[in-house]
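Residues per chain are reported as follows:
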Amino acid sequence: MILSQAFLADLELLNLFTLDSEQSGLKIHHDADPARIEAARRLFDKELITQQDGGYLTPLGMQTAEHAQILIQVLQPNS
């Protein structure tokens, strides 16, 4: 299975969310990297975030982001 650039952009965006608080969101500005703008739209369409331009994680988004961040931590090379 090859991971697409879109999938990786979605994963990267999920990794930017702070999981310590449900009141911590993100705002993706209109002049942001187009790949990040599209990632936000895809996550919104999957009901993982509350707004097309970021917003807050939904309950499903919180679970997904938690799993994504754990995966990234486990697979991250030791520095």
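Residues numbered from 1 in each chain as written. Predicted model: local features only at pLDDT ≥ 70, side-chain atom pairs only at ≥ 80, totals over all residues. Heavy atoms only, no water.

Trainee: Mind showing me how you'd approach the overall build of the chain here?
Mentor: Each helix and strand counted, the chain has three helices and three strands in total. Taken from N to C terminus, the helices and strands of the chain fall in the order α-β-α-β-β-α. Seen through its C-alpha atoms, the chain measures out along the principal axes to roughly 35 × 25 × 25 Å. Within the span of the chain, comprising 79 residues, buried residues form 28% of the whole. Here the contacts in the chain between residues at least 6 apart in sequence split such that 54% fall between residues at least 24 apart. Element-wise, carbon and sulfur atoms account for 54% of the exposed surface of the chain, whose accessible area totals about 5,700 Å². Taking the average place of the 5 positive charges on the side chains of the chain and the average place of its 11 negative ones, the gap between the two points comes to 6 Å. (Helix = DSSP H or I, 4+ residues; strand = E, 2+ residues; numbered from the N terminus. Buried < 20%, exposed > 50% of the residue type's maximum accessible area, 1.4 Å probe, protein only. Contact = heavy atoms within 4.5 Å. Areas by Shrake-Rupley, 256 points an atom, 1.4 Å probe, with all protein chains shown as cover. Lys, Arg positive; Asp, Glu negative; His and termini not counted. Charge placed at Lys NZ, Arg CZ, Asp CG, Glu CD.)

Trainee: It is not clear to me how a nonpolar patch on the surface should be interpreted in this structure. Could you clarify?
Mentor: Together, M1, L3, F7 and L8 make up a nonpolar patch on the protein surface, roughly 450 Å² of accessible area in all. Note on placement: F7 falls in helix α1 (residues 5-16). Residue F7 is classed as partly exposed on the basis of its relative accessible area, which comes to 39%. (Patch = residues over 30% accessible without salt bridge, like charges linked within 9 Å, V, L, I, M, F, W, Y side chains within 5 Å. Salt bridge = Lys/Arg side-chain N within 4 Å of Asp/Glu carboxyl O.)

Trainee: What is the right way to read the sheet that holds strand β3 (residues 54-57) from this model?
Mentor: Two orientations exist for strands paired in a sheet by backbone hydrogen bonds: parallel and antiparallel. Read across the open sheet, the three strands follow the order β1-β3-β2; overall the sheet is antiparallel. Only two strands of the sheet have a single partner each, and these edge strands are β1 (26-27) and β2 (49-51). With respect to the sheet, helix α2 (residues 34-45) is in contact with β2 and β3, its orientation differing from that of β2 by roughly 110°. (Pairing = 2+ DSSP bridges. Axes fitted to C-alpha atoms, helices over the stretch in contact; angles between N-to-C directions.)

Trainee: Sorry, what's going on with the side chain of Q69 here?
Mentor: Tracing the chain through its elements places Q69 in helix α3 (residues 59-75). Apart from residues lying up to four places away in sequence, Q69 is in contact with L14, N15, F17 and L19.

Trainee: I keep staring at unusual backbone geometry and nothing clicks. Help me out?
Mentor: Leaving glycine aside, a negative phi is the common case for residues, and trans is the common case for peptide bonds. Phi at E47 is positive, roughly 60°, even though this residue is not glycine. Among the structural elements, E47 can be located in the loop between α2 and β2.

Trainee: It is not clear to me how the packing of α1 against α2 should be interpreted in this structure. Could you clarify?
Mentor: When two helices pack together, you describe them by how their axes are tilted relative to each other and by the distance separating the axes. Two elements in contact, α1 and α2, have axes separated by 9 Å at closest approach and are oriented at 80°. By the angle between their directions, the pair α1 and α2 is classed as roughly perpendicular. Residues A6, A9, D10, E12, L13, L14 and L16 of α1 touch α2, and the partners they reach there are A35, R36, A39, A40, R42 and L43. Of the residues belonging to the contact of α1 with α2, the class tally is nine nonpolar, no polar and four charged. (Parallel < 35°, antiparallel > 145°, perpendicular 65-115°, else oblique. Nonpolar A, V, L, I, M, F, W, Y, C, P; charged D, E, K, R; others polar.)

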